[in-house]
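Understanding the architecture of this molecule
Here's the letter readout for the chains.
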Amino acid sequence: MALLDVIDLCVEFPTRRGILRALDGVSFSIDPGEILGVVGESGAGKSLTGAAIIGLLEPPGHVAGGQIVFDGKRLDNLSQEEMRAIRGRHIGAIFQDPLTTLDPLMSVGKQLIETMQTHMKLSDRDAKARAVQWLEEVGIPAASERVFAYPHQFSGGMRQRVVIALALCAEPRLVIADEPTTALDVSIQAQIITLMKRLAADHGTSIMLVTHDMGVIAETCDRVAVMYAGRIAEIGPVENVVRSPHHPYTEGLMGSIPSLEARVERLRQIDGAMPRLNAIPKGCAFNPRCGKVIERCREERPVLLPTATTMAACFRANEEAA
Amino acid sequence: MNALQRFLDSDFIYSFKRNPVAMVSFGVVVLVVLAAVLAPWIAPHNPFDLASLNLLDSLKPPFFQTDGDPSFPLGTDDQGRDVLSGIMYGTRISLEVAILAIGFSLTVGISVGLIAGYVGGSVDAVLMRIVDVQLTFPAILVALLVDGVVRAVLPPSAQEALQLDVIVFAIGISRWPQFARTVRGSTMIERGRDYVMAARVIGISSPRIMATHILPNVLGPVLVIATLNLGLAVLDEATLSFLGVGLPPTEPSLGTLIRFGNDFLFSGEWWITIFPGATLAVMVLSINLLGDWLRDALNPRLR
Amino acid sequence: MIAFIIARLLQAIPVLLVVGFISFAMFQFVGDPLVALLGQNFTAEEADAMRHNLGMDQPFLVQYVNFLGRVLHGDFGISYRLAKPVGELLAERLPATAELALCAAILSLLVGVPLGVLTGIKRNALISRVMMMLSLVGVSLPTFLIGVLLILLFAVQLGVLPSYGRGDVVHFAHWSTGLLTGTGRVALILPAVTLGLFQMTLILRLVRSEMLEVMRSDHIKFARARGLTPRAINFHHALSNTLVPVITIVGLQLGMLIAFSIVTETVFQWPGMGLLLVQSIGVADIPVMSAYLLLIAVVFVTINLVVDLLYFAVDPRLRGGGK
């Protein structure tokens, strides 16, 4: 059984000019221990999906439809206090910029202890021992001496390790990592990705990895969901989505990655830009930019349907394969 | 579309029209200013005309109380002066002092800021140090002490005649540093621009560059601050006058009126002090509300 | 830490020297000290002798240094008006002002900070909107008007609180306190509320806007994502992060408190230094004015130093310690 099931999720923002639908019928699932990548351009709704799952949508944004089912229990209709008890304890989160995600005035050890004691019954001594253990586990050198050091005393990469420890310390079963490596030096990105993979495997944690970096996805994930304009365009095992994409948008996305194996004359790019949320075209959201557009694409919205190797929301996905 | 129409269609006016608080405050400010400016023509009595005063009219309560006299709607003081007319003339004096003081402040602040920002180096360092030291002290305290020292320096014979100038000077001198600081900041930015470089290269003199090229470009922000400071200057003047070191009884401002009325609180003639006090409070509150709205309207992120 | 304090003290010295110089210039050149000391009728010889005694025949800088020396010994000259040493006069009045300012400061902090936090957290609640409106009224009412209104209500209409003076005081060596007597405590209420109200509304507005700023920050979002309780988020994480800017402004506000104690003391005839100053300004009693200026400068420099030390206590980033 899936650990997380997102079914037909819609998120809306009321504004002065009317309601903006930022997520429109998003459905996917994550199995225990699985790493799911979510890719797309900025504004595609990747981060919003994560925020909706942990119940931290910025007002006035709210879930306007669909269900979020975690471990057999619906999350989208829980009260604030019930949802708070789930955050950190059952679903953790890792944010983008380690320089700003830690409270600058509280030592890292204290932040760890505070988080663990909020969710578990632990004596101060046990909590401190565990805090040191966690810092060691995420690779902070001399953890026992530095447990009460302040965030500014660590480098950016080290701080992201602390953030990871904080996200995992109450042993959640799912972690939502929102662009965890974007703000880091390229040389450190790989270390952080390796660390997350190792910890996920050791603790059996599932990860929803939100990023716009296909390289990271290819290296880390079991499956990947490609988002476009608040909808899922294609979803499937990483290998298949990367090697044989069935949605023209995914194809374009893959074409924009430089590859060492395949010799291409030049990188392709997708013409045009993603539509703004108040101007999403009728039918398939991608139709104005699509090279394979047919009349039906402009009238009717495609749903996710199985293809040979993936699931894609494109009327022409299967004819192509056939 | 002409400039006026563009202005009326702007977001600024849109936000003004949607904000009843801003509109009411603006209305109150306009009303108070009009009443003050037109006082000599529209006030029911002239409180300075000693011949028109009648002691039989003294200490009359406002019209809604039993002994009230409709020709003195807000009552009279111990000399038989009409409180309403006193407020109108008093507001006029208060506004006059505030505007002159801020004008003086602006002149000093802009000059110092331009020179510090344009010349730079040790001149800048010394001037800004002075600004720092003065900013350590609250403006009202500076105004009070300057007022005291200037009075001590002046010969007693000149004091009466120069009292208005003294208080304008005292309030003005207490508020120039923040203008200097703002102007210096923008001057330093403008100085680096190409058009200033070009003007220097073709040999235009420094004072002329400052006056004709830099000044017009740094004036905007400092004028906004000056407008907001006008309300503070009104309060400064009222406070000094209340303390008895401001304007003489022959030129009663709102603060002076409140101070005189204060003596009658215990004998029950509350109107002599409360009406001027309420006028002052409503006027300053309206200016503050307008300022709040202005800040939000110009910077939507802060909402 | 010690190096930091020393650096701060060194920065304060120029400020004190400049203020000392202004104070000296006032003392020496405004008004005529000879008239003050010798009366209106004196001979040229008497005047020369007095000039010599006062060191007024010496070079300017020597006079300035002498002045500073005297000031350090607590000698501020003789009040023209009261014919008593200014040092003594100020020492007599200091406790009254100190007690008033302290009570007002405590009042404004104890009410202003919690209300600021409350309106910051529940920014859209009705009570927050009402508080914000009221606070704007508070900021717009000049201190002296608040005093007058409070007197009218509590002293004149209700007759429950005294409207002037300090009540009975108890003396301890050089200090006099009104806090230990019933009349003293009652007499303190209206002046302290008058002085504290304006500061309270300013502090409330400031804490609120800092709170709103911090609540938007990433580390608060992360604290939420870790499932911390609202209590821990609001008080451990948000409030402590608003403290640094709040301390700065509160420090400045204490300076304002001293400035506005002048007004409050005048309204309530409170026998403190502010009332002394206003009375002295009225008759151009220069020695009192120059001494007051110096004293206030020392108080402000001290406040700034305390503010810096508090930063140290609150913000670990300032305490240093490398990576």
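The shown structure was predicted, so the numbers you read here are calculated from the model rather than taken from an experiment. (Residues numbered from 1 in each chain as written. Chains lettered and ligands numbered in written order. Predicted model: local features only at pLDDT ≥ 70, side-chain atom pairs only at ≥ 80, totals over all residues.)

1. Considering the overall build of chain C
Secondary structure summary: chain C contains 12 helices and two strands in total. Tracing chain C from N to C terminus, the helices and strands come up as α-α-α-α-α-α-α-β-β-α-α-α-α-α. Taking all 323 residues of chain C together, the buried fraction comes to 41%. Sequence-distant contacts in chain C: of pairs separated by 6 or more residues, those separated by 24 or more amount to 70%. (Helix = DSSP H or I, 4+ residues; strand = E, 2+ residues; numbered from the N terminus. Buried ≥ 20, exposed ≤ 12 C-beta atoms within 10 Å, placed from the backbone. Contact = placed C-beta atoms within 7 Å.)

2. Points about the pairing of strand β3 (residues 35-39) of chain A
Residues and elements named next belong to chain A. Here β3 lies mainly inside the structure; five of its five residues are buried. Burial along β3 is two-sided: Ile35, Gly37 and Val39 facing one way and Leu36 and Val38 facing the other are all buried. Across four bridges, the pairing between β3 and strand β9 (residues 223-228) is parallel. When the sheet's bridge partners are listed, Gly37 is paired in β9 with Val224. (Pairing = 2+ DSSP bridges.)

3. So, the interface of chain B and chain C
Taken together, the contact between chain B and chain C spans 34 residues of the former and 32 residues of the latter. Of all the secondary-structure elements, those providing two or more residues to the side of chain B that touches chain C are α6 (121-136), α7 (139-153), α10 (206-243), α11 (254-262) and α12 (271-298) of chain B. If one sorts the elements of the side of chain B that touches chain C by residue count, α7 of chain B sits on top with 10 residues. Here the residues of the side of chain B that touches chain C are counted per class, giving 24 nonpolar, eight polar and two charged. (Nonpolar A, V, L, I, M, F, W, Y, C, P; charged D, E, K, R; others polar.)

4. Comments concerning the domain arrangement of chain C
All names here are of chain C. We note that the domain assignment places domain 1 (2-72) and domain 2 (90-319) within chain C. Inter-centroid distance (C-alpha atoms) of domain 1 to domain 2 is 34 Å. Each partner contributes residues to the interface: domain 1 has 13 residues there, and domain 2 has 11 residues. If one sorts the elements of the side of domain 1 that touches domain 2 by residue count, helix α1 (residues 2-29) sits on top with 10 residues. Of the residues assigned to the side of domain 1 that touches domain 2, the class counts are nine nonpolar, three polar and one charged. (Domains from an automatic or database assignment.)

5. Quick word on the environment of Ala297 of chain C
Residue and element names in this part refer to chain C. Counting through the fold element by element, Ala297 comes out in helix α12 (residues 286-314). Ala297 gets classed as buried once you count the C-beta atoms within 10 Å, which come to 22. Leave out the neighbours within four places in its chain, and Ala297 touches Val15, Leu16 and Val19.

6. Regarding the confidence of the model for chain A
Looking at chain A, pLDDT values average 87 and 95% of them are 70 or higher. The spread of mean pLDDT over the elements of chain A runs between helix α13 (residues 317-321) of chain A, the lowest at 65, and strand β8 (residues 206-210) of chain A, the highest at 94. (pLDDT = per-residue confidence, 0-100.)

7. Considerations on the arrangement of the chains
Here two pairs of chains are in contact, and chains B and C lead that list by number of contacts. Contact between chain A and chain B is absent, and the least distance between their C-alpha atoms amounts to 13 Å.

8. Thoughts on the sheet that holds strand β1 (residues 4-15) of chain A
Residue and element names in this part refer to chain A. Spatially, four strands are ordered β2-β1-β4-β5 in an open sheet, and the strand pairing comes out antiparallel. The open sheet has two free edges, formed respectively by β2 (18-30) and β5 (73-74), since each of these has just one partner strand. Here seven bridges tie β1 to strand β4 (residues 62-70), and the two strands are oriented antiparallel to one another. When the sheet's bridge partners are listed, Ile7 is paired in β4 with Gln67. Helix-sheet contacts for helix α1 (residues 46-53) involve β1, β2 and β4, and the interaxial angle to β2 is about 75°. (Axes fitted to C-alpha atoms, helices over the stretch in contact; angles between N-to-C directions.)

9. Considering the packing of helix α5 (residues 86-121) of chain C against α12 of chain C
Residue and element names in this part refer to chain C. Two elements in contact, α5 and α12, have axes whose closest approach is 10 Å; the angle formed by their N-to-C orientations is 55°. Comparing the axis directions of α5 and α12 gives the class oblique. Where α5 crosses over α12, the handedness of that crossing is right-handed. Contacts between α5 and α12 pair Val86, Leu89 and Leu90 from the former with Pro287, Val288, Ala291 and Leu295 from the latter. Across the contact of α5 with α12, the residue classes break down as seven nonpolar, no polar and no charged. (Parallel < 35°, antiparallel > 145°, perpendicular 65-115°, else oblique. Left-handed = near helix turned anticlockwise from the far one by under 90°.)

10. Structural notes on the nonpolar core
Ranked by internal contacts, the top residues of the largest apolar core, which has 250 residues, are Ala165, Met208, Val226 and Ile232 of chain A. It is helix α5 (residues 83-119) of chain B that provides the largest number of residues to this core, a total of 18 residues. (Core = buried A, V, L, I, M, F, W, Y, C linked by C-beta atoms within 7 Å.)

11. Topic: the interface of chain A and chain C
If you look at the interface, chain A gives 27 residues, while chain C gives 22 residues. When residues of the side of chain A that touches chain C are traced back to their parent elements, those giving at least two are α2 (80-86), α3 (98-101) and α4 (108-119) of chain A. Looking at the side of chain A that touches chain C residue by residue, the classes come out as 12 nonpolar, nine polar and six charged.

12. Some remarks on the pairing of β9 of chain A
Residues and elements named next belong to chain A. Of all six residues making up β9, six are buried, and the element is well covered by its neighbours. Here β9 shows two buried faces, one formed by Arg223, Ala225 and Met227 and the other by Val224, Val226 and Tyr228. Sheet analysis places β9 next to strand β10 (residues 231-237), joined by six bridges and oriented antiparallel. The partner of Met227 across the bridge, within β10, is Ile232. Connecting β9 to the antiparallel partner β10 that follows it, the hairpin turn spans two residues, and Ala229 within it adopts a positive phi of roughly 50°.

13. Some details on the sheet that holds strand β7 (residues 174-178) of chain A
Residue and element names in this part refer to chain A. The mixed open sheet is built from eight strands, whose spatial order is β6-β7-β8-β3-β9-β10-β12-β11. In the strand order of this sheet, the two ends are held by β6 (91-94) and β11 (305-306), each with one partner. In the sheet, β3 pairs with β8 via four bridges, with the strands oriented parallel. Each residue of the ladder has a partner; that of Gly37, found in β8, is Leu209. Each of β9 and β10 is contacted by helix α11 (residues 248-255), which is oriented at about 105° to β9, the strand it contacts most.

14. A short note on α5 of chain C
Along its 36 residues, α5 of chain C runs 50 Å from first to last C-alpha, staying within 8% of the 52 Å computed at 1.5 Å per residue. Along α5 of chain C, the largest kink reaches about 35° and is centred on Arg93 of chain C; proline Pro95 of chain C follows within four residues of it. (Expected span 1.5 Å × (residues − 1). Bend = angle between axes of the 7 residues up to and from the residue.)

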